[in-house]
Every structure is written in structure tokens, then in C-alpha cells.
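Okay, here's what each chain looks like letter by letter:
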Amino acid sequence: MKEQLRTLEFLIRAFIFGVLTYLAVYFSYTILGMEFSSPRLGEPLPKNVDFADEILWSSIAAVIFAIGWIYGSTHRWMIRILNRFNVSPTHGKQDLWDLTFSDPGEGVDSVHVRDLEKDITYAGWVRGYSETGRLRELLLVDVKIWISETESSDVPMLYFSRPDSDLHVEFPNHSTKDQNHAKTE
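Residues numbered from 1 in each chain as written. Predicted model: local features only at pLDDT ≥ 70, side-chain atom pairs only at ≥ 80, totals over all residues. Heavy atoms only, no water.

Caption draft 1: Focus on the packing of aromatic side chains. Inspection of the entire model under this criterion finds 2 aromatic pairs. Ring plane angle 65 degrees and centroid distance 5.4 Å describe the contact between Tyr26 and Phe27, whose orientation is recorded as edge-to-face. Assessed through its relative accessible area of 31%, Tyr26 is described here as partly exposed. An angle of 80 degrees between the planes, with centres 4.8 Å apart, marks the rings of Tyr122 and Phe160 as edge-to-face. Of this pair, Tyr122 sits in strand 2 (residues 120-129) while Phe160 sits in strand 4 (residues 152-163), placing them 38 residues apart in sequence. Comparing Tyr122 with Phe160 shows no difference in burial state: the two are buried. (Phe/Tyr/Trp six-rings, centres within 6.5 Å; stacked < 30°, edge-to-face > 60°. Buried < 20%, exposed > 50% of the residue type's maximum accessible area, 1.4 Å probe, protein only. Helix = DSSP H or I, 4+ residues; strand = E, 2+ residues; numbered from the N terminus.)

Here it is in C-alpha cells:
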């Protein structure tokens, strides 16, 4: 997440995550036919109840679920599922820059970056990009720089760090891109 969570919101989310994890362990115990300590409301707690195994399995499940949740959030599974069923046209809280460069289905690996102010065009293969909204950082490899129609140069690697309003990024035709990349190899 890009914005800081408030303390109350963080505590509510942590509580819900803990309850869902404990429910998953409860249902796992039920499916496996194991006994789960679940005293009834209003009844006194038996003195010989041992919660250690439930706490242990809940802790292990919480770590596994947390890793799965982070992986799913990173790859935007929930948003993609909602988009697939046309439930939502949005792509979450990230901006389109993050979405475009992080989506493996789009195949965004080659770009043309135009500096309209200086009339320079950079064409290269995306090796990395920023995920912050303040500056747009882009790392290109095998870069061809066009300073004018007749003047160009090649550099092995180029790093951009510009305000987001200063960059104009184009995505070349995939068939042209594949031919150009095959020529450089």
C-alpha cells in the first residue's frame, strides 16, 4: 500500500486476519476429524483444555496466509478477478504506470521514451521501473538514443529519473519490437 494506515484501521485488519486464520484452522480440524477446543458460551471453561496445538497451527497458518496474501496483492489477483468478471473497471490504488509495467500479461518490455522538451527519443528494453508517484524512474538496457533524425547513438544502459509530467512513453508494435530485438542479439 502506498499510503500509511491509521492505527485503528491497522488493528481492525489485524483482528479480522487473525479471526479468519483461526476459522481456517477450525475448519481444517473439522475436516480432518480432530477435536478442536470450542467451549460453549456461558459454560465454564474446563480446567484440562490445552490450546497449545491450536495456537501453534494458527501461527503457522497465519504465516502461510500472510505470504499468500502479499504474493496475491503484489500480483493483483483480486483486482484481476474483479476485472475478469467486469465487476470493476479500476485497477486498485496503484496508478496506471505501476499497472502497465507490472502486468506480465501485457508483455511491456520494450518502450520508446520521448523527451518532448529536448526533442530526444530513447528506445530500449525495460529492466526496472519505480513504484513511487513522486518521480518516474525507468531503467532501460540496449538503448538507442535519437537526438535528431540523422544523429543517434547506442548505450548499454540508461536510467531516467524525472517528474511524471516530463515523460512521454510509447509502446512499439510487438512484431516490430521482436524483429528489432532479434537484430541486436
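Caption draft 2: Looking closely at the pairing of strand 1 (residues 110-115). Here strand 1 pairs with strand 2 via 6 bridges, running antiparallel. Within the sheet, the bridge partner assigned to His112 lies in strand 2 and is Ala123. Linking strand 1 to strand 2, which pair antiparallel, is a turn of 4 residues; within it Asp119 sits at a positive phi near 55 degrees. Here strand 1 runs beside strand 5 (residues 168-170); their pairing, made up of 3 bridges, is antiparallel. Considered in strand 5, the bridge of Val113 is made with Val169. (Pairing = 2+ DSSP bridges.)

So yeah, pure geometry; function would need other evidence.
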